[in-house]
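# Structural overview for review
Listed below, chain by chain, are the residues.
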Amino acid sequence: MTFHSMWAELLPVGRDSASGGYRRFAWSGADAECRAWFQEQAEVRGLVHEVDRNGNQWAWLGDPAQGDAVVTGSHLDSVPDGGAFDGPLGVVSAFAALDELRSRNVRFAKPLGIVNFGDEEGARFGLACVGSRLAAGQLTREQAHRLTDGDGITLPRAMEAAGYDPDAIGPDPERLGRIGAFVELHVEQGRALDIGGDAVGVASAIWPHGRWRFDFRGEANHAGTTRLADRRDPMLPYAETVLAARREAELAGAVATFGKIAVEPNGVNAIPSLVRGWLDSRAADQASLDTVVGGIQKAARECADAHGVDLDVVRESFTPVVEFDHALRDEVARILGRDTDLTVPVLGTGAGHDAGILSGSIPTAMLFVRNPTGVSHSPAEYAAEDDCLAGVAALADVLEGLVCR
């Protein structure tokens, strides 16, 4: 199958007809369709398909028990109403790159694997990269079992409904120990490549980033009869905190976003008793991130106190700065620059990825494909087919250089 035919086959899965975006949430029907597609792609190529204890899918050419395997891939799930490219581009490109290597009659000196990591986006249970975190031992079984979606369904219950065993999840050092290098291709979530006129780039590092939950607790009351002076309205300090996040991020050259909110009792004519907002913040270094989040929390507490509102702040997830393996990164850049006129910019990113999670366990690297709009996590996310094919060719070159040495 060609890149185009694979892409066209996967494109309708989980797509919302109203928004044009994707709702491929972990352990949902759309997720099951994506997994079936992955298994089919593996089997038509004669690869050995398996699902590990954490629900991650693997397709193997050669015996991974041999060790020093080279693995590529990404994820197939999405954020709510996300774009088509974030994650799936890396998986489709992985199969297309293997096809390209076979057309070159490459002799594989090492096992080659393709992976689809489960629940990378964290759209359903609120924690990103669940599959890779579990495998790397960065998320315990007990912690994972406490994850709950917006409908009150726990992760174990969702896994069981999808036919998987939630009691089997946990660290997988033996599997990761078989991998000598992991290379993830991903659409760029920004415009650095487009501004520089490059189709493909190499990642240098992932900014430190995290998610914090702000719970503002006030007093529910009637919106029409309660004097302003008598109110303990948690919406007011929440609104001030959103503005404070923008100010603090601008001062530090970072980013901070309140993109999700829950309100109780959530009535048009009721003063809220609870406003719960989730902050996502990222910065180029740890000190800058600490400054931004500290400034936001300080502003939130001052405003909450001024309005008689209680505030709790909980850090729900955090990933420190990830410097990709320098030796592998440099080898990837060398391979791409060899015998070609391709310029290979090296750039950092504020977006988290499975490659970043795994970097503490195995050597990892990333390739980025140009995104001309810079838009991501949106139906407007886009990459031109020529750039996608350039990404496939670059990934094939990298894999050839790694599996043949």
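Attention here is on the structure that accompanies the text. Note that the structure is predicted; figures quoted are calculated from it, not measured. (Residues numbered from 1 in each chain as written. Predicted model: local features only at pLDDT ≥ 70, side-chain atom pairs only at ≥ 80, totals over all residues. Heavy atoms only, no water.)

Before going further, it helps to examine helix α1 (residues 3-10). A turn of α-helix holds 3.6 residues, and therefore any two residues three or four places apart point the same way. Where α1 is concerned, the buried positions are Phe 3, Met 6, Trp 7 and Leu 10. Here the buried residues of α1 occupy an arc of 100 degrees about the axis, which is enough to place them on one side. Taken together, the buried residues of α1 touch α2 (29-44), α3 (88-103) and α13 (385-403). (Buried < 20%, exposed > 50% of the residue type's maximum accessible area, 1.4 Å probe, protein only. Helix = DSSP H or I, 4+ residues; strand = E, 2+ residues; numbered from the N terminus. Arc of directions from axis to C-beta. Contact = heavy atoms within 4.5 Å.)

Tallied over the full model, the rule gives 13 aromatic pairs. The interplanar angle of 75 degrees and the centroid separation of 6.2 Å between the aromatic rings of Phe 216 and Tyr 238 together place this pair among those described as edge-to-face. One end of the pair, Phe 216, is in strand β7 (residues 209-217); the other, Tyr 238, is in helix α9 (residues 235-252), with 22 residues separating them in the sequence. Note on Phe 216: relative accessible area 0%, which makes it buried. An aromatic cluster of at least three residues, connected via ring pairs, comprises Phe 3, Trp 7, Phe 85 and Tyr 382. A cation over an aromatic ring shows up here: Lys 260 above the ring of Trp 278, its NZ or CZ 4.5 Å from the ring centre. (Phe/Tyr/Trp six-rings, centres within 6.5 Å; stacked < 30°, edge-to-face > 60°. Lys NZ or Arg CZ within 6 Å of the ring centre and 35° of its normal.)

As judged from the 4 bridges shared by strand β1 (residues 48-51) and strand β2 (residues 57-61), these two strands associate in the antiparallel manner. Note that in β2 the partner of Val 51 across the bridge is Gln 57. Between the antiparallel neighbours β1 and β2 lie 5 residues, among them Gly 55 with a positive phi of about 85 degrees. (Pairing = 2+ DSSP bridges.)

Here the focus is empty space enclosed by the protein. Going through the model one piece at a time under the given rule, you end up with 2 cavities of 30 Å³ or more. In terms of lining, the largest cavity is formed by Trp 27, Asn 54, Gly 118, Asp 119, Val 130, Gly 131, Leu 134, Leu 155, Met 159 and Ile 169. Elements with a minimum of two residues in the lining of the largest cavity: α4 (130-136) and α6 (155-161). The leading source of residues in the lining of the largest cavity is α4, at 3 residues. Split by residue class, the lining of the largest cavity holds 6 nonpolar, 3 polar and 1 charged. In this structure, the second largest cavity spans a volume of roughly 40 Å³. Lining the second largest cavity, in full, are Asp 77, Ser 78, Val 79, Gly 82, Gly 83, Asp 86, Glu 121, His 377 and Glu 381. Residues that form the lining of the second largest cavity fall into these classes: 1 nonpolar, 4 polar and 4 charged. (1 Å grid on protein atoms, 1.4 Å probe; cavity = no way out; pocket = protein on both sides within 12 Å on 5 of 7 lines; lining within 4 Å. Points joined across faces, edges and corners; volume = space filled by probe spheres on them. Nonpolar A, V, L, I, M, F, W, Y, C, P; charged D, E, K, R; others polar.)

Another point: the packing of helix α11 (residues 326-337) against α13. Remark: α11 packs on α13, axes separated minimally by 9 Å, with the N-to-C direction vectors making an angle of 115 degrees. Of the two elements, α11 crosses α13, and the hand of that crossing is right-handed. Counting all contacts with α11, which are made through Leu 328, Glu 331, Val 332, Ile 335 and Leu 336, the residues of α13 involved are Ala 394, Asp 397, Val 398, Gly 401 and Leu 402. Looking at side-chain class alone, the contact of α11 with α13 contains 7 nonpolar, 1 polar and 2 charged residues. (Axes fitted to C-alpha atoms, helices over the stretch in contact; angles between N-to-C directions. Left-handed = near helix turned anticlockwise from the far one by under 90°.)

Next up on the list: the pattern of salt bridges. Tallying each qualifying case throughout the model produces 25 salt bridges. Ionic pairing is found between Glu 250 and Arg 246, a salt bridge with its closest N-O pair at 3.1 Å. Residue Glu 250 and its partner Arg 246 are located together in helix α9, separated by 4 residues, close to a single helical turn. Since its relative accessible area comes to 54%, Arg 246 is described here as exposed. Two residues, Glu 331 and Arg 334, come together in a salt bridge whose shortest N-O distance is 2.8 Å. Separated by 3 residues within a single helix, Glu 331 and Arg 334 lie in helix α11, roughly one turn from each other. (Salt bridge = Lys/Arg side-chain N within 4 Å of Asp/Glu carboxyl O.)

Next up on the list: α2. For α2, spanning 16 residues, the distance from its first C-alpha to its last is 23 Å, which sits close to the expected 22 Å at 1.5 Å a residue. Within α2 the residues assigned to the buried category are Ala 30, Asp 31, Cys 34, Arg 35, Trp 37, Phe 38, Gln 41 and Ala 42. Seen along its axis, α2 keeps its buried residues to an arc of 155 degrees; they face one direction. α2 presents Gly 29 and Val 44 as exposed residues on the side facing more than 90 degrees away from its buried surface. If you follow the buried residues of α2, they end up packed against α1, β1, β2, α3 and β4 (112-117). In the stretch just after α2, Gly 46 is the one whose phi turns positive, near 75 degrees. (Expected span 1.5 Å × (residues − 1).)

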